[in-house]
Amino acid sequence: MRPRKYTRINSEAVDYKDLNLLRRFLSDKGKTRGRRVTGLSRKHQRQLSVAVKRARELALLPYVGER
């Protein structure tokens, strides 16, 4: 079992405007990393996915990553 990298989120809630935090959990293709990789709790993973969707809708994050 490998150590989990991203278990620490300093804020209680994940915000869609915090792009540095959101980019940490996206792959280079723009996909959200899974819970096994990120090490987030179910609550934080759900907040992350909602925040990424909102940021994409407002054009703060691209739908597709680098090609």
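Throughout, residues of each chain are indexed from 1 in the direction in which the sequence is written. Only residues with pLDDT of 70 or above have their local features reported here, since the model is predicted, and side-chain atom pairs are shown and tallied only from 80 upward, although totals for entire chains, interfaces and linings are computed over all residues. Side-chain numbers here rest on the full set of heavy atoms in the structure, without hydrogens or water.

A short note on the nonpolar core
Now for step 1: Here the nonpolar core consists of buried residues drawn from Ala, Val, Leu, Ile, Met, Phe, Trp, Tyr and Cys, with membership extended through side-chain atoms lying within 4.5 Å. Only protein chains enter the accessibility calculation, which uses a 1.4 Å probe; a residue whose area is less than 20% of its type maximum is buried, one above 50% is exposed, and one in between is partly exposed. Residues Ile9, Val14, Leu21, Leu22, Phe25, Leu26, Leu40, Leu48, Ala51, Val52, Ala55 and Leu61 constitute the largest nonpolar core, which totals 12 residues.
Now for step 2: By definition, any uninterrupted DSSP run of H or I lasting at least four residues is a helix, any uninterrupted run of E lasting at least two residues is a strand, and each is numbered from the N terminus. Sorting the residues of this core by element identifies α1 (19–24) and α3 (42–57) as the ones contributing at least two each.
Now for step 3: Considering every element that reaches this core, the biggest residue donor is α3, with four residues.
Now for step 4: We call two residues in contact whenever any of their non-hydrogen atoms come within 4.5 Å of each other. Apart from the residues within four sequence positions on either side, Leu22 is in contact with Val14, Asp15, Tyr16, Leu48, Ala51, Val52, Ala55 and Leu61.

Digging into the confidence of the model for the chain
Now for step 1: Counting all residues, the mean pLDDT for the chain is 85, and 82% of those residues have values of 70 or more.
Now for step 2: Values of pLDDT, ranging from 0 to 100, describe the predictor's confidence in every residue of the model. The spread of mean pLDDT over the elements of the chain runs between helix α2 (residues 35–38), the lowest at 89, and α3, the highest at 94.

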